[in-house]
Amino acid sequence: MGEVKTPRQWFLWSIALVYVCAFASIYVQIPGLYGDDGILPVRLQMPKVQRPLLEQLQASPSILWLGPSLGLAPQHVLELICLVGVALALGAVLLWPQRDSLIYLCLWALYLSLYNVGEDFLHSEWDTLLLEAGFLAVLVAPLGLLRRQSSYSYHDPVTFWLTRWLFFRLTFCTGVSKLASGDPAWYDLSALSHHLENQMSPTPLAWYVHLLPDWLLRFESVVLLQSEIIVPLVTFFAPIRRLRLFGFYVQLFLQLFYILTGNCSLLNLLSIALSFSLLDDDHFNSNTSPKKKKGQDKKPKGWGQTLFSILTLLVEFAVYLFILYCFIALFKIQINWEEKTLSSKTNFTQRSFDAYLEVFQELTIWVGVLSCICTRGIASKLWSLIQWALVTAAAATVFALSVVPYTSMAGMSVSKVLPAVRDAYSAVERYQLVGAYGIQHRMISAEGRPEIVLEGSYDGLTWKEMNSMYKPGNVNAVPPIIGPHQPRLEWLMWQAAQGGDETSPWFTGLLLRLLQGKPEVASLLQVDETQYPFSHKPPVFIKAKLYNYHFTDPAKDKTHLQSWWRRQYKREFFPVVNLDDSTLQKLLVEAGLKEKFPVEPSSDTPVSQVLSLIRGHVKGLSGPLVLSTLLATLVGIFLIKTVFSWLSGGRKPKPAPADYKTRKPKEPSETGEKSQAAAPANRGGKKDSNERKDSPRKRK
């Protein structure tokens, strides 16, 4: 593998951009989620009995515990964490010197502080992935803020290889979990058709893709499984550069498909950021390298190099044939030329797939180890043991820890991991250094998309729906485009509809705040007050129903031509309650949300005033609007920088074209002689100047 300076810069830039989106998205939702009148007030997590700060940080690492020392309310501490995170991440996006190890360490610590106090709202798979990828960015980024010059020569390429190992675990485990879970929708290849409407936030394009022929959707399911299981196995750690490029573009197109049909989530952005680990500098310089080689002598290849090139091509061709064989043999791909269709069917059972997992579990780990050892430059750098010992030890530790969650997939045995590694993982688990991916795969139901619909009433007879702006409710509403914004409440409601979390603390807190008419929580459902039926007066009664939603099909259903969805009532999700209901009061006590002390007034420090001022400007804005404004600002700044660099770059080399035209190109040999003659002349500056002055006069 060649140099990885450019892919490393792209990885660090992408991680900084993801941090911008993550912190900004959480900041918009803090009042409704964690404010004093939010669903799960963060002040309730503050210890009632003062404990030593180090002891509190050791139990749950978070900057929140510094709030009393700073004179800030818990909500203000969370807002300060998000704003500082956005500022640091924006600096890393715009200025390459800010992509420093210390900056990424601060970003990781800030996000870990949110994660440890965020409870259910921040315990998603992409939060865990961001913490792990963010910690790898600390190891990958240069440490230059404490020195005059920043240099990548102090960093071992094995640290950047860890990002490839994480990308492999993420992709491979995601694909394996689909089949290891025994989900029948993936074994009969109908999963993609149901997935398009069952995913968290489908886009309008998902509706159109859902209308594709059934045989094409089944074939796309095969392509998806191949891209997530077979392609990573044979390309991610391949010593052949073209195979790694093939794996990169397959994963890139896969993530673009997810973004176009299911909105751009942090998980997609992180996957793209990690995919840069498959590239090298030669790929970015491929357009300019032929020009550089035009003036160079082309040396004929020896028989050894020719034989090696032929073997490389044969191995590469064999890998492509293996992928094609897996398409045909494992999924019985057959072409019907008369009807111009494809037929596909799985040619294996879950038992045989579990046996496959048992074989490939240890094999993938050893392939990863071998790939790490073969990383370019590591053999020579081992001679500089003092310089590289710390980085190599950190990389080996992270790799060993990652084996524990990696082996937690269905069909894999954790007992094969060394006890010392398991104990070390348990000791540092609270820091979220490594995570498990894909093991939370949910069965895809063919009955439709389960969705919770909240209804409110003043008299218990007339009910009005409280639809959310980020998930299906009104069947005539267009599926939203929310971009990288992550609506945390809708994500939990989507999960609760599939798993039935009626008594979860967050759901009980949601009902309480809606009955109390708290605008911070109501804005999580609808920012526009005209779309919320109880904006002027809170409802007296609330209940929740469970519906099954399906995409409409104009060819089959003529009664829903103007609708995007059709739905069917399934059951009651939560009974009718009011503020004085005993059932609600009991659930509040069990969830720890029954407050026994009044809310303390917030301090009037300068920092609190600034935070309140910023919150006042953001209040009433939706998450997608805030993030799109931030991203548009970044694009504008980059365009301005590009124009200024083009203008400044265009002024300096103005004399060069005229100089170039007057001089004839010289042969390579003549150029070499001139450079050799000029070398000693430059060493004696005074003598050279005298000779230049005298020689023309003597000739005259």
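Rules used throughout
Residues numbered from 1 in each chain as written. Predicted model: local features only at pLDDT ≥ 70, side-chain atom pairs only at ≥ 80, totals over all residues. Heavy atoms only, no water. Helix = DSSP H or I, 4+ residues; strand = E, 2+ residues; numbered from the N terminus. Contact = heavy atoms within 4.5 Å. Areas by Shrake-Rupley, 256 points an atom, 1.4 Å probe, with all protein chains shown as cover. Buried < 20%, exposed > 50% of the residue type's maximum accessible area, 1.4 Å probe, protein only. Phe/Tyr/Trp six-rings, centres within 6.5 Å; stacked < 30°, edge-to-face > 60°. Lys NZ or Arg CZ within 6 Å of the ring centre and 35° of its normal. Core = buried A, V, L, I, M, F, W, Y, C linked by side-chain atoms within 4.5 Å. Pairing = 2+ DSSP bridges. Salt bridge = Lys/Arg side-chain N within 4 Å of Asp/Glu carboxyl O. pLDDT = per-residue confidence, 0-100. Expected span 1.5 Å × (residues − 1). Patch = residues over 30% accessible without salt bridge, like charges linked within 9 Å, V, L, I, M, F, W, Y side chains within 5 Å.

Each helix and strand counted, the protein has 29 helices and six strands in total. When contacts within the protein are restricted to residue pairs at least 6 apart in sequence, those whose partners lie at least 24 apart make up 78%. When the accessible surface of the protein is totalled, it reaches about 36200 Å², and 62% of it is carbon and sulfur.

Take the environment of Ile637 next. Among the structural elements, Ile637 can be located in helix α26 (residues 623-651). Its relative accessible area of 32% is what places Ile637 among the partly exposed residues. As a C-alpha pair, Ile637 and Leu94 span 543 residues in sequence and 8.2 Å in three-dimensional space.

On to the packing of aromatic side chains. Taken as a whole and judged by the stated rule, the model has 41 aromatic pairs. Here the aromatic rings of Phe331 and Phe348 are separated by 5.8 Å at their centres, their planes lie at 80°, and the arrangement is edge-to-face. Note that Phe331 is positioned in helix α16 (residues 303-331) and Phe348 in the loop between β2 (341-343) and α17 (350-373), a separation of 17 residues in sequence. The exposure classification of Phe331 matches that of Phe348, with both residues buried. Between Lys537 and the ring centre of Tyr458, over which it is positioned, the NZ or CZ distance is 5.4 Å. One residue, Arg567, lies across the ring of Tyr547, its end atom 4.1 Å from the ring centre.

Moving on: the nonpolar core. Counting residues in hydrophobic clusters, the biggest one holds 172 residues, and the most contacted among them are Phe23, Ile39, Tyr104, Phe353, Leu454, Trp506 and Leu510. Among the elements that line this core, the one with the most residues is helix α1 (residues 5-34), at 18 residues. Setting aside chain neighbours within four positions, we find Ile39 in contact with Gly32, Leu33, Phe121, Leu489, Trp506, Gly509, Leu510, Arg513, Val521, Leu524 and Leu593.

Once that is clear, we can look at the pairing of strand β3 (residues 449-457). With nine of nine residues buried, β3 is to be regarded as a mostly interior element. Burial of β3 is two-sided: the residues Arg449, Glu451, Val453, Glu455 and Ser457 facing one way and the residues Pro450, Ile452, Leu454 and Gly456 facing the other way are all buried. When β3 meets strand β5 (residues 541-551), the two strands line up antiparallel, connected through nine bridges. Bridge pairing in β5 places Pro450 opposite Asn548. Taking the residues that link successive antiparallel strands as the turn, the β3-strand β4 (residues 464-465) hairpin has six residues, and the phi of Gly460 there is positive, at about 80°.

Right, let's get into the sheet that holds β3. One key point about sheets: their strands pair by backbone hydrogen bonds, in either a parallel or an antiparallel sense. As summarised here, the arrangement of the four strands in space is β4-β3-β5-β6, forming an open sheet in which the pairing is antiparallel. Every interior strand has two partners, whereas the edge strands, β4 and β6 (565-577), have only one.

Quick look at the pattern of salt bridges now. Side-chain pairs of opposite charge can arise whenever the charged atoms involved come near each other. Evaluated as defined, the whole model comprises 14 salt bridges. Among the salt bridges present, the one from Asp280 reaches Arg241, with a minimum N-O distance of 3.1 Å. Of the two residues, Asp280 is situated in the loop between α13 (266-275) and α14 (281-284) and Arg241 in helix α12 (residues 241-262); the sequence distance between them amounts to 39 residues. A salt bridge links Lys543 to Glu455, with the shortest nitrogen-to-oxygen separation between them at 3.9 Å. Pair noted here: Lys543 is in strand β5 and Glu455 is in strand β3, with a separation of 88 residues, a long-range link. Look at the salt bridges and you will find they share partners, linking Arg449, Glu451 and Lys471 into a network.

Of the residues in the protein, 77% have a pLDDT of 70 or more, and the chain-wide mean is 81. Counting contacts from residues 288-296, a segment whose pLDDT is below 50, to residues more than four positions away or on other chains yields one contact.

By secondary structure assignment, the location of Leu634 is in helix α26. With 544 residues separating them in the primary sequence, Leu634 and Leu90 have C-alpha atoms 8.4 Å apart. The contact partners of Leu634, leaving out residues within four places of it in the chain, are Leu17, Leu90, Val93 and Leu94.

With that settled, consider unusual backbone geometry. The phi dihedral of Leu189 is positive, around 65°, even though this residue is not glycine. By the secondary structure assignment, Leu189 is in the loop between α8 (184-187) and α9 (191-198). Residues other than glycine seldom take positive phi values, yet Lys332 does so here, at roughly 50°. Relative to the helices and strands, Lys332 is located in the loop between α16 and β1 (334-336).

Right, let's talk about helix α21 (residues 488-499) for a bit. Taking 1.5 Å as the rise per residue, α21 with 12 residues should run 16 Å; its terminal C-alpha atoms sit 16 Å apart, in good agreement. Most of α21 is tucked away: 10 of the 12 residues are buried. Residues of α21 that are buried: Arg488, Leu489, Glu490, Trp491, Leu492, Met493, Trp494, Gln495, Ala496 and Ala497.

Taken together, the side chains of Trp303, Leu307, Ile310, Leu311 and Leu314 define a hydrophobic patch exposed on the protein surface, amounting to about 570 Å² of accessible area. Note that Leu311 resides in helix α16.

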